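# Overview (structure and organization)
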Amino acid sequence: MQSILLVDDEELFRGRLARAFTNRGYTVFQAGDVDEALAKIKENRPEWALVDLKMPGKSGLDLIRAAKEFLPLLKIVVLTGYGSIATATEAIKLGAHYYLPKPADVEDILNAFEKDSDLPAAPEPQEFEAPSLARAEWEHIQRVLNDCDNNITAAAHRLGIHRRTLQRKLYKYAPKK
């Protein structure tokens, strides 16, 4: 049975992906940051890892570097909402197998893992679809809220908006794109 490590600081997103992979028969391990991910890699030795680039503390690039030193055959796909050609190139140089922009569904992720590793893995510029402004705002709010330990008042203060405005934004569903 194939095993995969999901590394993303967004717990809700990571949980949805974990359920989707579990339903497809994969053994799934989850981590919310680089240190937790390295511990899971050393303990479980997964075949695949899906890594978010931007996380609190160390970045996904740090994880790729450390994971490849410990487990050279680990196949890593980078998934991020903050994609650029420079970071894609850096991730590939460090040993990532492929680089996907968010949003991506499970099929996109599986296709990325199964691509021939002898081919260039950096995405072509026309493949990258920038997230909508609403999606970028939602992700930024979620990161700030996470940094504030889900304290709405503190997050609103950091964002420079009124607490009630933040509550209204959080009450809405996340944008699809």
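Before reading further, recall that the structure is shown in the block above.
Residues numbered from 1 in each chain as written. Predicted model: local features only at pLDDT ≥ 70, side-chain atom pairs only at ≥ 80, totals over all residues. Heavy atoms only, no water.

A few words on the sheet that holds strand E5 (residues 98–101). Read across the sheet, five strands follow the order E2-E1-E3-E4-E5 without closing on themselves; strand pairing throughout is parallel. Pairing within the sheet leaves two strands with one partner each, and these edge strands are strand E2 (27–31) and E5. Here the strands of the sheet are splayed against their neighbours by 20 degrees on average, with no regard to which way each runs. Sheet topology note: the strand E1 (residues 3–7)/E2 ladder contains five bridges and is parallel. Considered in E2, the bridge of Leu-6 is made with Gln-30. Against the sheet, helix H1 (residues 11–23) touches E1, E2, strand E3 (48–52) and strand E4 (75–80), its axis set at about 170 degrees to E2. Strands in contact with helix H3 (residues 60–70) are E1, E3 and E4; relative to E4, the strand with the most contacts, it is inclined by about 175 degrees. (Pairing = 2+ DSSP bridges. Helix = DSSP H or I, 4+ residues; strand = E, 2+ residues; numbered from the N terminus. Axes fitted to C-alpha atoms, helices over the stretch in contact; angles between N-to-C directions. Contact = heavy atoms within 4.5 Å.)

For the rest of this paragraph, the subject is empty space enclosed by the protein. Under the criterion given, the structure shown has one cavity of 30 Å³ or more. As a volume, the largest cavity reaches approximately 40 Å³. Lining the largest cavity, in full, are Leu-6, Val-7, Asp-8, Phe-13, Arg-14, Leu-17, Leu-50, Val-51, Asp-52 and Leu-79. Going through the elements one at a time, E1, H1 and E3 are the ones with two or more residues in the lining of the largest cavity. (1 Å grid on protein atoms, 1.4 Å probe; cavity = no way out; pocket = protein on both sides within 12 Å on 5 of 7 lines; lining within 4 Å. Points joined across faces, edges and corners; volume = space filled by probe spheres on them.)

This next bit is on the layout of surface pockets. Taken as a whole, the largest pocket holds about 630 Å³ of empty space. Together, 22 residues line the largest pocket, and Glu-10, Leu-12, Phe-13, Arg-16 and Trp-138 are the ones closest to its centre. Taken together, the elements giving at least two residues each to the lining of the largest pocket come down to H1 and helix H6 (133–147). Here the lining of the largest pocket is built from residues that sort into ten nonpolar, three polar and nine charged. (Nonpolar A, V, L, I, M, F, W, Y, C, P; charged D, E, K, R; others polar.)

Quick look at the nonpolar core now. With 25 residues, the main nonpolar core has Leu-5, Val-7, Leu-63 and Ile-64 as its most contacted residues. Taken together, the elements giving at least two residues each to this core come down to E1, E2, helix H2 (34–44), E3, H3, E4 and helix H4 (85–94). The contacts of Leu-5, once residues within four sequence positions are left out, are Phe-29, Gln-30, Ala-31, Ala-37, Lys-40, Ile-41, Pro-46, Trp-48, Ala-49 and Leu-50. (Core = buried A, V, L, I, M, F, W, Y, C linked by side-chain atoms within 4.5 Å. Buried < 20%, exposed > 50% of the residue type's maximum accessible area, 1.4 Å probe, protein only.)

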